[in-house]
Amino acid sequence: MNIKNVVVIGSGTMGSGIAAHLCNANIPVTLLDLKTEISEKARERIHKSRPPLLIDKSKINNIKIGNISDNFDVVKEADWIVEAVVERIDVKHQIYEKIFKSRKAGAIVSSNTSSIPIKVLSQNLTDTEKKDFCITHFFNPVRYMGLLEIVKNENTDLNKINQLKEFCEIELGKGAIVCNDTPGFLGNRVGVYAMQIAMTEAFKMKLSVEEADAIFGRPMGIPKTGVFGLYDLIGIDLMADVLKSFIKELPKTDEFHEVAKEIPLVKKLIETGYTGRKGKGGFYRINKSGATKVMEAINLETGDYLPSKKIDIKSDKVDLSGLINRKDRYGEYAWSVISKIIKYASSLVPGITNQFNDIDEAMRLGFNWAKGPFEMLEEIGVKNFFNKVDDFSGNNFLEELNKSKNENFYGERQKYTNIETLGKVKKTAVRLDGNDSAKIFRFNDYNIVEFTTKANALDYDSMDALKKATDKPLIIINESMQFSAGVNLTYTMQFAEKNDFKSIEKFIKYFQETCKHLKYSKHPVISAPSGLTLGGGFEVMVQSNFVASHTNIVVGLVETIVGLIPAGGGCKEMLGRWLETEEAKKDPNFAPLKVFDIIGYGKTATSPVEAEPLKYLRPSDKKIMNRNSLLEVSKKIISENKDFKTPKELKFNLPGESVRIEMNKIIEKLYNEKVILDHGVNVAKELANVLSGGDTTINKTLSEDDLFKLELNAFMKLIETNKTQDRIRHTLSTGKPLNN
Ligand code: NAI
């Protein structure tokens, strides 16, 4: 079966997201709703969405629109019809009746329902129709969430399901997991239970909202929204509906009922319009008094709001064992929550899936957890777990494991896919090496470096690992959300606070040296970015010999925003790229001015399509929809470059003073228009000095090292100023830029 044409019915949050993503994959798609105006609005929403649902906004009109009365004929041509209308069985049944009257024989029909079983959805269908019917449960936002649950039952044609899975994996880039028709499928069943246990235990143990979120967050490898933050994000009222649906669907004996009981405070929040971020606030709220905004958190006992407190649990790492063995309330809470999640998830095997492995993957792809419950169990250690855990009678999985005490019970990872993923190969590494900031996985014919810090921020150790791993072809790749958000500013500021600028200089020099080493090492270096690839992260990527980029990247040089300039080769490489253009050959000012504009504004691209015109990526760089495939593509690059030759060093003929005059005019204009303030002028002037080539003329040839020196000098001058330090401190504490 070839899927060449898709119709999506229902153009709300999910329907529009699915249509946009099909458009990303260049699949012809028509979006239908009750009225064409509704689909038209959906298309406008897609166009304006942030983060953007489209990889290439100019393709918006490839999404055709219409209504279900006048345009239903499009269904006749479709190979796959996705229903994403409101969660009402009567509406869905009416739509299916219409679809099955029109669809061509064999076309797949699927529902995006989050809670109605296939059995109920398909109750009016004939046996032949049932064969072609399934649930395709996408997650919001569709472009960015990796998980797609494909739900089947005993009537579904498994061949069709497998073909659909392959299409969704290869063409749409989804982690497509096939699962049984049980309430909440895999992701939500375990994910919502986990949220409920994290919440109810916090109430029981009298933890504050901030404390619970600090623990049920990064230290557990869970996104930093934690539990209460996530509740606010999803909508407290929506969560209440989700719980009601679970209560209705699940057998009375299911442990879920224990954690889904109504909580008076939650009920009151919903009743008073505190439904989360979309409402007046939720567990957190922003209190505006005059010009100041104060983040407040609710007291779970009294219901009063107080200024939110930052909780320092004295660890910035994902460290489960460390966490559960703490001898304090935090340790107790962590253990209680984790052990209950493990117990619940394992009690669902084989009922909801035969592969426990798939539950982990659903948590990873659908909830952005670093590890699923079974990997958490593996990390804690089987023996340690059973030494600590209380009653688990009736839980077959745990009873068996307790008998075997097999520490290696886990086996292969990512069983749902045949792609050779990073997750799979990691376990087969010949040797493991590395340090606190990066791991080196050594194989016979290549190495992998995986950064391991928060947001993969780079420090001295990250550079050390890269340098050490160039004894073979090297692939820089990771499994976390971000490739790298850039140089670790906290680390840099620790030196600045102590006036230890020598150490900063040493670090930047080492950063430059390492990037040069990557670029000119004997063996090819491949970067395989996904997510944030900013600042120093971009500099690592741009000085790799090859790039295999996921289509979901946010890439750019954003240093000026924190009062710095790129000093790890970012200015140099961007100049190099723009100097190659025809325009630059005619006009010596062209390249420096172009790069001044790009770096000066800290421009970012949210996809490879946006990155190419800025020259952050090149046409020859590989762009890949399925993140899982980054490793295979990178390995293919290695095998195709057996006779790799190190590139020639770049040479720069830059105009110096004459282009600085032009740049100064731009700076003056921006200052007069108050786009930039005093320090903005300082930063822009330092950038102008680097990009003009400093004290040079067009006939003088500069080397890469000359450019590195200019970058370093400018960086050091700026980091030593109070105003740059103010900018960094502000961004670190608020996540926002400071214009000073
Ligand atoms: P929504 O309320 O945003 O959109 C529903 C759309 O269906 C509206 O545009 C409405 O005009 C249209 N519609 C209603 N009756 C129709 C009909 N007879 N013919 C054509 N269009 C009709 O809903 P949302 O959030 O997009 O949900 C759609 C489905 O996806 C539901 O089954 C929901 O359970 C499921 N889902 C929702 C998720 C979410 O995060 N919102 C996540 C995963 C699944």
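Residues numbered from 1 in each chain as written. Predicted model: local features only at pLDDT ≥ 70, side-chain atom pairs only at ≥ 80, totals over all residues. Heavy atoms only, no water.

Undergrad: Where do I start with the overall build of the protein in this structure?
TA: The number of helices and strands found in the protein is 33 helices and 23 strands. A compact globule built from 740 residues should have a C-alpha radius of gyration of about 27 Å, and the protein, at 27 Å, falls within 12% of that. Taking the principal axes of its C-alpha atoms as reference, the protein extends roughly 80 × 65 × 60 Å. In the protein, once contacts between residues fewer than 6 apart in sequence are set aside, the share between residues at least 24 apart is 71%. For the protein, the exposed surface amounts to about 32000 Å²; the carbon and sulfur share of it is 51%. In the protein, 105 positive and 98 negative side-chain charges are present, and the distance between their average locations comes to 1 Å. (Helix = DSSP H or I, 4+ residues; strand = E, 2+ residues; numbered from the N terminus. Rg over C-alpha atoms; globule rule 2.2 N^0.38 Å. Contact = heavy atoms within 4.5 Å. Areas by Shrake-Rupley, 256 points an atom, 1.4 Å probe, with all protein chains shown as cover. Lys, Arg positive; Asp, Glu negative; His and termini not counted. Charge placed at Lys NZ, Arg CZ, Asp CG, Glu CD.)

Undergrad: Looking at this structure, how should I read helix α16 (residues 356–367)?
TA: Structural remark: α-helix, 3.6 residues per turn; residues separated by three or four positions point the same way. Across its twelve residues, α16 extends 16 Å between first and last C-alpha, which sits within 8% of the 16 Å expected from 1.5 Å per residue. Burial in α16 covers these residues: Phe356, Asn357, Asp358, Ile359, Asp360, Glu361, Ala362, Met363, Arg364, Leu365, Gly366 and Phe367. Lining the buried residues of α16 we find β7 (147–151), β8 (175–179), α8 (187–204), α15 (329–347), α17 (373–380) and α19 (396–404). (Expected span 1.5 Å × (residues − 1). Buried < 20%, exposed > 50% of the residue type's maximum accessible area, 1.4 Å probe, protein only.)

Undergrad: Looking at this structure, I do not really get the domain arrangement of the protein. What am I missing?
TA: By domain assignment, the protein separates into domain 1 (6–180), domain 2 (187–404), domain 3 (422–558 + 602–644) and domain 4 (657–734). Opposite the 13 residues of domain 1 that make contact, domain 2 presents 15 residues. When the two sides are added together, the surface that domain 1 and domain 2 hide from each other amounts to roughly 910 Å², 57% of it contributed by carbon and sulfur. Looking only at domain 1, the three residues that lose the most surface to domain 2 are Met145, Leu147 and Ile177, adding up to 40% of its buried area. There are zero salt bridges connecting domain 1 and domain 2. (Domains from an automatic or database assignment. Buried area = accessible area lost by both parts, 1.4 Å probe. Salt bridge = Lys/Arg side-chain N within 4 Å of Asp/Glu carboxyl O.)

Undergrad: Quick question: what am I supposed to make of the packing of aromatic side chains here?
TA: Any aromatic ring pair is given by two values, namely how distant the centres are and how the planes are angled relative to each other. This model, assessed by the stated rule, comprises 29 aromatic pairs. For the pair Tyr193 and Phe256, a centre-to-centre distance of 6.2 Å together with 55° between the ring planes defines the contact as tilted. With a gap of 63 residues between them, Tyr193 in helix α8 and Phe256 in helix α12 (residues 256–259) connect regions that are remote in the sequence. Exposure class is identical for Tyr193 and Phe256. Each is buried. Ring geometry for Phe546 against Phe644: centres 6.1 Å apart, planes inclined by 55°, an arrangement best described as tilted. (Phe/Tyr/Trp six-rings, centres within 6.5 Å; stacked < 30°, edge-to-face > 60°.)

Undergrad: Would you mind going over the side chain of Ser692 with me for this structure?
TA: One can find Ser692 in helix α31 (residues 678–692). A relative accessible area of 0% means that Ser692 is categorised as buried. Within polar-contact distance, the side chain of Ser692 engages the side chain of Arg660 at 2.8 Å. Within the structure, the side chain of Ser692 is placed 3.0 Å from the backbone oxygen of Asn689, a separation counted as a polar contact. (Polar contact = N/O pair within 3.5 Å; in protein donor to acceptor, adjacent residues only side chain to side chain.)

Undergrad: Is there a simple way to think about the packing of α31 against helix α32 (residues 704–719) in this case?
TA: Each packed pair of helices is defined by two parameters, the angle between the axes and the distance between the axes. For the pair α31 and α32, the least separation of the axes is 9 Å and the interaxial angle reads 165°. When the axes of α31 and α32 are compared, the pair comes out roughly antiparallel. You can see that α31 and α32 cross each other, and the crossing is right-handed. Listed contacts from α32 to His679, Asn682, Val683, Glu686, Asn689 and Val690 of α31 are Leu707, Leu710, Glu711, Ala714, Lys717 and Leu718. Its residues placed into classes, the contact of α31 with α32 shows six nonpolar, three polar and three charged. (Axes fitted to C-alpha atoms, helices over the stretch in contact; angles between N-to-C directions. Parallel < 35°, antiparallel > 145°, perpendicular 65-115°, else oblique. Left-handed = near helix turned anticlockwise from the far one by under 90°. Nonpolar A, V, L, I, M, F, W, Y, C, P; charged D, E, K, R; others polar.)

Undergrad: Any chance you could explain the pattern of salt bridges here in plain terms?
TA: Side-chain pairs of opposite charge can arise where the charged atoms are in close proximity. Applying the stated rule across the entire model yields 55 salt bridges. Here Arg285 makes a salt bridge to Glu296, at a shortest N to O gap of 2.8 Å. Here the residue Arg285 occupies a position in strand β9 (residues 284–289), and Glu296 occupies one in strand β10 (residues 292–298), the gap between them amounting to eleven residues. Neither residue differs from the other here; Arg285 and Glu296 are each classed as buried. Here Glu704 ties to Lys572 by a salt bridge, and the two come within 2.6 Å at their closest N and O atoms.

Undergrad: Explain the sheet that holds strand β5 (residues 108–111) here, please?
TA: Sheet architecture is open: eight strands sit in the order β3-β2-β1-β4-β5-β6-β7-β8, paired in mixed fashion. Looking along the sheet, the strands with just one partner apiece sit at the ends: β3 (63–67) and β8. Taking the axes of each pair of neighbouring strands and ignoring which way they run, one obtains an average angle of 25° across the sheet. Taken together, the four bridges between strand β6 (residues 133–138) and β7 define a ladder with antiparallel strand orientation. Note that in β7 the partner of Thr136 across the bridge is Ile150. In the packing of α16 onto the sheet, contacts are made with β7 and β8, and the angle to β8 comes to roughly 140°. (Pairing = 2+ DSSP bridges.)

Undergrad: It is not clear to me how the site of the ligand should be interpreted in this structure. Could you clarify?
TA: Within the structure, the ligand sits among 23 residues, and Met14, Asp33, Glu87, Lys92 and Ser114 are positioned closest to it. Here Glu87 contributes a side-chain N or O atom positioned 2.5 Å from an oxygen atom of the ligand. At 2.9 Å from an oxygen atom of the ligand is found a side-chain nitrogen or oxygen belonging to Ser114. Protein chains shield 76% of the accessible area of the ligand, which is 830 Å² for the free molecule. (Near = heavy atom within 4 Å.)

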